[in-house]
Structure formats: structure tokens, C-alpha cells
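# Structural features, examined
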Amino acid sequence: MNQITIHSHNTNLTNKFTNTQTYTKYKEMKAHIALIIFIICFLASANPGSSQVNGSSSSQGDGSSSQGDSCSSKLNLSVPLLFDTSKLNCLPVWNAQGFILRYSQTSSNIWSFILSVPNQNSYISIGFSPNGGMVGSSAIVGWISSNGASGGMKQYYLSGYGPNQVVPNRGNLPIINNSTLITSQSSRLYMAFQLQTNHPLSRLIYAIGPNGVFPTVPSFALMQHQDKVSITINYATGSSALGNPNLNLKRSHGVLNILGWGIFIIMGAIVARYFKDWDQFWFNFHVSVQSLGFVLGLIGVISGLILNNQLHIDFNLHKVLGIIILVLACLQIMAFVARPKKGSKVRKHWNLYHHNIGRIVIILSIANIFYGIHLGNEGSGWMVGYGIVLAILISIAVIFEIGLWNKS
């Protein structure tokens, strides 16, 4: 009997020792992952705008271009045009792709343009935008295949980002009849046209299409460009500024919302759920990070509303989701202020409300962030970058959730 008692006592000691070791390792793992969370938090806040996600890396030059044309050389086309080309202003508008724009005011209400571009066996495009963006712009698109088998020139109206929203033979550009011409010479394309207007729009967008893919009959559908750029031109001085004037505001809107709603809020939720045994740490971290996320997200929503007013573009679903997220976050803050004590009978109902509203905010925020990146049409850099951070946070949450199940 004594042997059995001793054996049982040793077994209990062994199990206790094993459980202690497991719990110690579990706490060490939590400490390491907590360190990872802090590192992500630090890197995200210290350098939020370091990534270039603009789809094109373009530079303004001093007037030279590749493949036999520059603003210092005389324009000498082998085909006649309906307007005088001897007094055209010349401006390099996209050095990375060798785009050169020549223009002049032929009369009080007539403007002449010639766009010179290296022939890369793709379509070329110049768009006139009311706000610097693609949507709402009218563009003139021209193409000549490298073997000369096909060629054409059409106006398109850019009503949206989808292929079926780029509509041929429509647009707001008052093109003068019989003034359009596209020709290939010395490995370059020259696209000429005239507009009947007192002053053309000063925000221009340029694009180059995929290699070897051209609009064809009967639809003349336009495939998505492989590169693009936006500039603002001063016709009087002949100067230009690269980029969309609203680009910084748009990127600030994206970065603030990604950091606020898409990273810090999630971090605060992870710590609140899985670090309850770190008594004061979890609460202070949760409140601090959630507050920071709310402030950044609030500024992000405000900047988005300002951007919406400046662009005059209605991204209704994106805007509505952003407002819903903000309202739910405000309700969370109000609930925190009215938080009952732990011994209160309504505390469990408050916990249910607080936890579920928090989950809804996180789900809506992630969905709206990816949707906003899609609407921004800034390329895959933002998608990939945020996707990696989100995958890390989800992996951490899954590891902790498994630890909770094992512990219970």
C-alpha cells in the first residue's frame, strides 16, 4: 500500500513538473511573439510611406529623349499635316518611356498637339483629365503595329477602371475633323490632333499598352495599360510637374487607414484576447494601441472625405464602409467609458457586445482596405505589402488560439 502511495505521489510530482515546463515554454513563446508584435508595430509606424507603389517610376528630364527625337531637334515629319508645326512648344513629359509633347495655340480657340513616342509595338495614349485621375477622363489612343499591318487612332471615354468602362468613339474632347494622324518614322510614333477649345485641360495622363496587343474590330476594346503617368502642364510657360496633385493625399489616406484600422486595431485585439495573464500589460497595451489606431483611422477617414470632394468621384461603397467602421469604433469608445465593474451582473453582456463589435470592425476594416487599394489602382505593391502583414498577424492569432485550446 505504501509503495502504491509513493508511486502515485511521484506520478503527481512528475505531471506537475511536466505541466510547469509546458506552461513555462508557453509563456516564453508568448513573450517572443509579443516581441514580434512590437517590432511590427515599430516598423509600421516608423516608416509607413517608404514603399513605392505607384506602378511607374518616371522622371522629368531636361529635354532629351531616346530613339532619335528630342526638343532640341527640329521636327521633320515625312507626312503633311493640316497645321503649322514650325512654332510648336516642346516638352518632355515622360522620360522613362521617351514621351515628348509638342503643342501650340493655333488660333483663339484651336490647339494643336503632336505626341512623339518610341514605337514599342503597343498602343499609346494621352488623356485630358478634370482631376488628374483616370476616371472621368477622355483620351486619344493611337497604334501602329511593328510590321505596319494595322494602325488606328480613336477617342475613348474612361468611365471606370474595367475594360468595358473604357468606351471607344466617346469622350469630351472637341477634336477637329480630319486633324488626326498617326505615323511611324525612325522607330517612333507621332500622333497629331487638334482640339477646338479656348483652353485645354492642364492635367494630362499618359499610358502605354501591352506589347503586341491592339484594339481590333468590331469592339476596339482597349486592354489595360502596362505603364502610366500623370502630369500637370502649364501651357503658358511650357513647364510640367510630374504626378497627380492629389497623390500625396491619396497615399496618406491609404497609409493612415492601413495602420489604424488594419494593423493597430488588430494588434490590440490579439493582446486583449491572449495576454490576460499578463495583468497590467495587456490592458495598458490594448487601450494605448486601440486609441492610436482609432486616431489614425479617424484622420484617415477625414482625409478620404476631403479626397472624395476634391476628385468629385463617388466611391459610394468604400465611403459608406469607412463611415460604418468609424461609427462602430466610436461606439466602442463609448462602451469603454461606460464599462461596468467585473462583479456587475451586466458585465457578461457588456463583454459580449464589446468583443463582437470589435470583431465586426476588424472584418469590415480588412475588407475595405483591400477594396480601397483596388479602387486606388496603384498596382500590386500595396496589396502584397498589407497581405504579408495581415498574414503574420493572423498566424500569430492562430498560434495563440491553439495554445488556448490546449490550455483548456
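Let me begin by describing the structure that accompanies this report. (Residues numbered from 1 in each chain as written. Predicted model: local features only at pLDDT ≥ 70, side-chain atom pairs only at ≥ 80, totals over all residues. Heavy atoms only, no water.)

Our next topic: the layout of surface pockets. There is about 1200 Å³ of room inside the second largest pocket. For the second largest pocket, the lining is made up of 39 residues, of which A269, A272, H286, Q290 and H354 are closest to its centre. Where the lining of the second largest pocket is concerned, the elements lending two or more residues are helix 2 (247–274), helix 3 (279–311), helix 4 (316–337), helix 5 (347–376) and helix 6 (380–407). In terms of residues, the lining of the second largest pocket owes the most to one element, helix 5, which gives eleven residues. Among the residues forming the lining of the second largest pocket, the class breakdown is 23 nonpolar, eight polar and eight charged. (1 Å grid on protein atoms, 1.4 Å probe; cavity = no way out; pocket = protein on both sides within 12 Å on 5 of 7 lines; lining within 4 Å. Points joined across faces, edges and corners; volume = space filled by probe spheres on them. Helix = DSSP H or I, 4+ residues; strand = E, 2+ residues; numbered from the N terminus. Nonpolar A, V, L, I, M, F, W, Y, C, P; charged D, E, K, R; others polar.)

Moving on: unusual backbone geometry. Along the chain, V217 connects to P218 via a cis peptide bond; the corresponding omega equals 0°. Position of P218 among the secondary structure elements: in the loop between strand 10 (203–208) and strand 11 (227–234). One non-glycine residue with positive phi stands out, namely F220, at about 55°. Along the chain, F220 turns up in the loop between strand 10 and strand 11. The buried category is assigned to F220, whose relative accessible area is 19%. (Buried < 20%, exposed > 50% of the residue type's maximum accessible area, 1.4 Å probe, protein only.)

Moving on to a nonpolar patch on the surface. On the surface, a cluster of nonpolar side chains totalling about 500 Å² of accessible area is made up of L305, I323, V327, L331, M334 and Y353. If one sorts the elements of the nonpolar patch by residue count, helix 4 sits on top with four residues. (Patch = residues over 30% accessible without salt bridge, like charges linked within 9 Å, V, L, I, M, F, W, Y side chains within 5 Å. Areas by Shrake-Rupley, 256 points an atom, 1.4 Å probe, with all protein chains shown as cover. Salt bridge = Lys/Arg side-chain N within 4 Å of Asp/Glu carboxyl O.)

Scanning the model with the defined rule gives one disulfide in all. The disulfide partner of C71 is C90, and the gap between their sulfur atoms is 2.1 Å. Looking down the S-S bond of the C71 and C90 bridge, the torsion is -80°, so its handedness is left-handed. Of this pair, C71 sits in the loop between helix 1 (2–46) and strand 1 (89–94) while C90 is found in strand 1, placing the two residues 19 residues apart along the sequence. (Disulfide = S-S within 2.5 Å.)

With 22 residues, helix 4 extends 32 Å between its outermost C-alpha atoms, agreeing within 8% with the 32 Å of an ideal straight helix rising 1.5 Å per residue. For helix 4, the set of buried residues is H318, L321, G322, I325, L326, L328, A329, Q332 and A335. (Expected span 1.5 Å × (residues − 1).)

Moving on to the sheet that holds strand 3 (residues 110–118). The sheet built from five strands is open, its strands ordered 1-2-3-9-8 with antiparallel pairing. Looking along the sheet, the strands with just one partner apiece sit at the ends: strand 1 and strand 8 (181–185). On average, each strand axis in the sheet is tilted by 20° relative to the strand beside it, whichever way the strands run. The pairing of strand 2 (residues 99–107) with strand 3 spans seven bridges and is classified as antiparallel. In the sheet register, S104 faces strand 3, and the bridge partner there is S112. (Pairing = 2+ DSSP bridges. Axes fitted to C-alpha atoms, helices over the stretch in contact; angles between N-to-C directions.)

Let us look at the pattern of salt bridges. Counted by the stated rule, this structure contains three salt bridges. Of the charged contacts, one joins R102 and D69 as a salt bridge, the two residues approaching to 2.9 Å between their closest N and O atoms. With a gap of 33 residues between them, R102 in strand 2 and D69 in the loop between helix 1 and strand 1 connect regions that are remote in the sequence. Residue R102 is classed as buried on the basis of its relative accessible area of 3%.

Across the eight residues that make up strand 5 (residues 137–144), a large majority, eight, are buried. Neither face of strand 5 is exposed, since S137, A139, V141 and W143 on one face and S138, I140, G142 and I144 on the opposite face are all buried. As judged from the five bridges shared by strand 4 (residues 124–129) and strand 5, these two strands associate in the antiparallel manner. What sits directly across from F128, in strand 5, is S138.

Next up on the list: the side chain of H318. Position of H318 relative to the elements: it lies in helix 4. According to the relative accessible area criterion, H318 is buried, its value standing at 17%. Discounting chain neighbours no more than four positions away, the residues touching H318 are H253, N368, Y371, G372 and L375. (Contact = heavy atoms within 4.5 Å.)

Turning our eyes to something else, we now look at the nonpolar core. In this structure, I258, W261, I266, I270 and Y386 are the most contacted members of the largest nonpolar core, which totals 37 residues. Where this core is concerned, the elements lending two or more residues are helix 2, helix 3, helix 4, helix 5 and helix 6. Counting 29 residues, the second-largest nonpolar core is a separate cluster that includes W111, L204, Y206 and I233. (Core = buried A, V, L, I, M, F, W, Y, C linked by side-chain atoms within 4.5 Å.)

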